[in-house]
Amino acid sequence: DHGDGATRIWQRLLNHLIITGAERGVLRVYARLSEDSEAEEVLRQVGFTVVSREEVFVLTQLPGPAPLPKGLRRVDRDDRPALDTFYCQVIPHMLHRADGPCANSCASMAPHRMMISFVSTEEFVWTEKGKIIAYLGLHSSPKGYWLDVVVRPEYRADLLPYIKYVLTLTECSPTMPVYSPVFDYSVGLGWLLRTLGFESFTRQVLLVAHTMVCIPIRRQ
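The rules behind the values
- Residues numbered from 1 in each chain as written.
- Predicted model: local features only at pLDDT ≥ 70, side-chain atom pairs only at ≥ 80, totals over all residues.
- Heavy atoms only, no water.
- Pairing = 2+ DSSP bridges.
- Helix = DSSP H or I, 4+ residues; strand = E, 2+ residues; numbered from the N terminus.
- Core = buried A, V, L, I, M, F, W, Y, C linked by side-chain atoms within 4.5 Å.
- Buried < 20%, exposed > 50% of the residue type's maximum accessible area, 1.4 Å probe, protein only.
- Contact = heavy atoms within 4.5 Å.
- Axes fitted to C-alpha atoms, helices over the stretch in contact; angles between N-to-C directions.
- Arc of directions from axis to C-beta.
- pLDDT = per-residue confidence, 0-100.
- Polar contact = N/O pair within 3.5 Å; in protein donor to acceptor, adjacent residues only side chain to side chain.

1. Brief notes about the pairing of strand β4 (residues 120-128)
Here is step 1: Taken together, the three bridges between strand β3 (residues 72-74) and β4 define a ladder with antiparallel strand orientation. By the bridge assignment, Arg74 is partnered in β4 with Phe124.
Here is step 2: Across nine bridges, β4 lies against strand β5 (residues 131-141) in antiparallel orientation. Counterpart to Thr127 in the pairing with β5 is Ile132.
Here is step 3: Here β4 folds back onto β5, and the loop between the two strands holds two residues, one of which, Lys129, carries a positive phi near 55°.

2. Overview of the nonpolar core
Here is step 1: Membership of the largest hydrophobic core comes to 28 residues, with the highest contact counts inside it found for Leu159 and Ile163.
Here is step 2: When contributions to this core are tallied by element, the ones reaching two or more residues are β2 (49-59), β4, β5, β6 (144-151), α5 (160-167), β7 (178-183) and α6 (189-195).
Here is step 3: The dominant element in this core, judged by the number of residues it contributes, is α5, at five residues.
Here is step 4: Beyond its immediate sequence surroundings of up to four residues, Leu159 is in contact with Trp126, Ala134, Val149, Val151, Leu189 and Leu192.
Here is step 5: One finds Ala31, Val46, Val50 and Ala209 within the second-largest nonpolar core, a separate group that totals 13 residues.

3. Quick notes on the sheet that holds strand β8 (residues 199-210)
Here is step 1: The strand order across the open sheet formed by eight strands is β1-β8-β2-β7-β6-β5-β4-β3, and the pairing between neighbours is mixed. Two strands lie at the open edges of the sheet, namely β1 (28-34) and β3, each paired on one side alone. Across the sheet, the axes of successive neighbouring strands diverge by a mean angle of 25°, strand direction being ignored.

4. Considerations on helix α3 (residues 80-90)
Here is step 1: Turning to α3, its buried residues number three or more, namely Leu83, Asp84, Phe86, Tyr87 and Val90. One side of α3 carries all its buried residues, which in axial view fall inside an arc of 165°. Projecting away from the buried face of α3 at angles above 90 degrees are the exposed residues Pro81 and Gln89.

5. Looking at the confidence of the model for the chain
Here is step 1: Mean pLDDT over the chain stands at 86; residues scoring 70 or higher make up 88%.
Here is step 2: Per-element confidence in the chain is highest for α5, whose mean pLDDT is 96, and lowest for helix α4 (residues 93-98), whose mean pLDDT is 65.
Here is step 3: Per-residue pLDDT stays below 50 along residues 104-112; that stretch engages in 27 contacts with residues further than four places along the chain or on separate chains.

6. Quick look at the environment of Glu55
Here is step 1: The topology assignment puts Glu55 in strand β2.
Here is step 2: By relative accessible area, which is 19% here, Glu55 ends up buried.
Here is step 3: With 128 residues separating them along the chain, Glu55 and Phe183 place their C-alpha atoms 6.5 Å apart.
Here is step 4: Side-chain polar atoms of Glu55 contact the side chain of Ser200, separated by 2.5 Å.

7. Re the environment of Gly188
Here is step 1: Following the sequence through the fold, Gly188 ends up in the loop between β7 and α6.
Here is step 2: Overall, the relative accessible area of 35% leaves Gly188 in the partly exposed class.
Here is step 3: Distance from Gly188 to Arg156, taken between C-alpha atoms, is 7.3 Å for residues 32 residues apart in sequence.

What follows is the structure, encoded as structure tokens:
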């Protein structure tokens with residue numbers, strides 16, 4: 001982190017990392033780090049761009065039992081096209097760009113946890129009249145849980161019972177906490193988490209470096 005030449009060493013390491021990725025067919029390299037202007041600047045200098053900023057909340061004690069709320073059900077295979085449309089409508093354009101200029105699907109980038117490995121994942125959607133209102137993804141690992149929440153802004157204030165129910169599916173404790181990220185564009189979601197007992201854990205920034213560009217080819 002400190003010392004003469006540290007910045008240059010990091011730049012060289014990151015440059016070689018991107019080149020190695022490109023040689024292996026990797027289209028994008030993501031980086032997530034705690035908000036730190038110096039580290040962020042090093043990444044920017046080698047071609048990374050900021051995708052989003054988020055605050056991560058942590059829960060160490062369950063808020064209590066909760067009934068299954070109306071309209072909440074598990075995701076099935078037939079939901080994927082509708083989820084794809086939902087993500088594209090709700091998630092800002094900058095996050096879409098992070099998935100690459102040639103991507104034709106938004107589902108692959110949301111909820112944007114492609115660099116994390118989990119033991120199991122349970123996915124839920126809240127629907128009304130065939131329309132997806134919110135997505136909740138509960139991912140588990142030996143060290144805790146990760147809760148992803150994506151919701152239409154106009155329904156954000158009504159999401160509390162849905163989050164509370166999904167939390168009842170965990171064995172939340174000080175040794176098995178539940179973490180949940182809130183992107184800066186999700187104004188109000190952090191307040192809901194605090195109502196359920198979550199506390200602020202850290203702030204992070206997500207960056208991406210693309211190793212390829214799309215070039216149109218004209219054919220006769």
